[in-house]
Amino acid sequence: MSKRWIKQERINHMLIIIWLYIDSDSHGCTEAASEALCLIWCSVSDACITYREIKRGFGAAFIEEELMEMYGFYVRAMREFHEYVEPRSLQHLCRTVLRRTIRRNKCWIPESVS
């Protein structure tokens, strides 16, 4: 396996996954954390994270069992599993562009849609 660099933005996304997993595990609120993670990822246009990326980025900091649990938390929250980095659907990308445009124009959803 070649050593390829992981973009900082993807590292940041992985840190969010790890932080939400650890925080939800310590407070016993995995359902709320899963919902928060899903909402965060719905607003991001980046491809979904793969287990290989998490292992490459944080394999030195966590044992493999912990990484697998964290990735399982992410997969359950997203209700998707990706073995390879794949672009998001065109529908998802359009939604993120619309949300970003609405937010920049400081509009509310009902008014901006009409």
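Position numbers for residues count from 1 along each chain, tracking the sequence in the order it is written. Per-residue local features are limited, in this predicted model, to residues with pLDDT of at least 70; the limit for side-chain atom pairs, both in listing and counting, is 80 or more; totals at the level of whole chains, interfaces and linings are taken over all residues. Where side-chain values are given, they derive from all heavy atoms of the structure, hydrogens and water being excluded.

- The name given to the protein chain in an unreviewed UniProt entry is SOCS box domain-containing protein, with the source organism recorded as Araneus ventricosus.

## Quick look at the nonpolar core
Then comes step 1: In terms of nonpolar packing, the biggest core is built from 25 residues, with Met14, Leu37, Trp41, Ile49, Phe58 and Tyr74 touching the most fellow members.
Then comes step 2: Secondary structure elements are defined from DSSP: runs of H or I of at least 4 residues count as helices, runs of E of at least 2 residues count as strands, and each element is numbered from the N terminus. Elements represented by at least two residues in this core include exactly helix H1 (8-27), helix H2 (30-42), helix H3 (51-58) and helix H4 (64-78).
Then comes step 3: Top contributing element to this core by residue count: H4, with eight residues.
Then comes step 4: When near neighbours in sequence (up to four residues on either side) are disregarded, methionine 14 contacts Ile6, Ile49, Glu53, Ile54 and Phe58. For this analysis, a nonpolar core means a set of buried residues of the types Ala, Val, Leu, Ile, Met, Phe, Trp, Tyr and Cys, connected via side-chain atoms within 4.5 Å. With a 1.4 Å probe rolled over the protein chains alone, any residue whose accessible area is under 20% of its type maximum counts as buried; one over 50% counts as exposed, and the rest are partly exposed. Whether two residues are in contact is decided by their heavy atoms, any of which lying within 4.5 Å being enough.

## Here we look at the UniProt feature "domain: SOCS box" (unreviewed entry) in the protein chain
Then comes step 1: UniProt positions are given in the numbering used here, feature names are shortened, and annotations may be inferred rather than shown by experiment. According to UniProt, the "domain: SOCS box" (unreviewed entry) feature falls on residues 86-105.
Then comes step 2: What you have in residues 86-105 is 75% helix and 0% strand, and the ends, taken at the C-alpha atoms, are 30 Å apart.

## Details of a negative patch on the surface
Then comes step 1: Patch membership requires more than 30% relative accessible area and the absence of a salt bridge. Residues of like charge join within 9 Å; the nonpolar side chains Val, Leu, Ile, Met, Phe, Trp and Tyr join within 5 Å. All accessible areas in this document rest on Shrake-Rupley with a 1.4 Å probe, and a residue is counted as covered only by the protein chains that are shown. Whenever a carboxyl oxygen of Asp or Glu lies within 4 Å of a side-chain nitrogen of Lys or Arg, that contact is scored as a salt bridge. Charge assignment in this entry is limited to Lys and Arg as positive and Asp and Glu as negative, and neither His nor the chain termini are counted. A single reference atom marks each charge: NZ on Lys, CZ on Arg, CG on Asp, CD on Glu. The grouping of Asp25, Glu65, Glu66 and Glu69 at the surface amounts to a negative patch.
Then comes step 2: Residue contributions to the negative patch peak at three residues, all from H4.
Then comes step 3: Position of glutamate 65 relative to the elements: it lies in helix H4.

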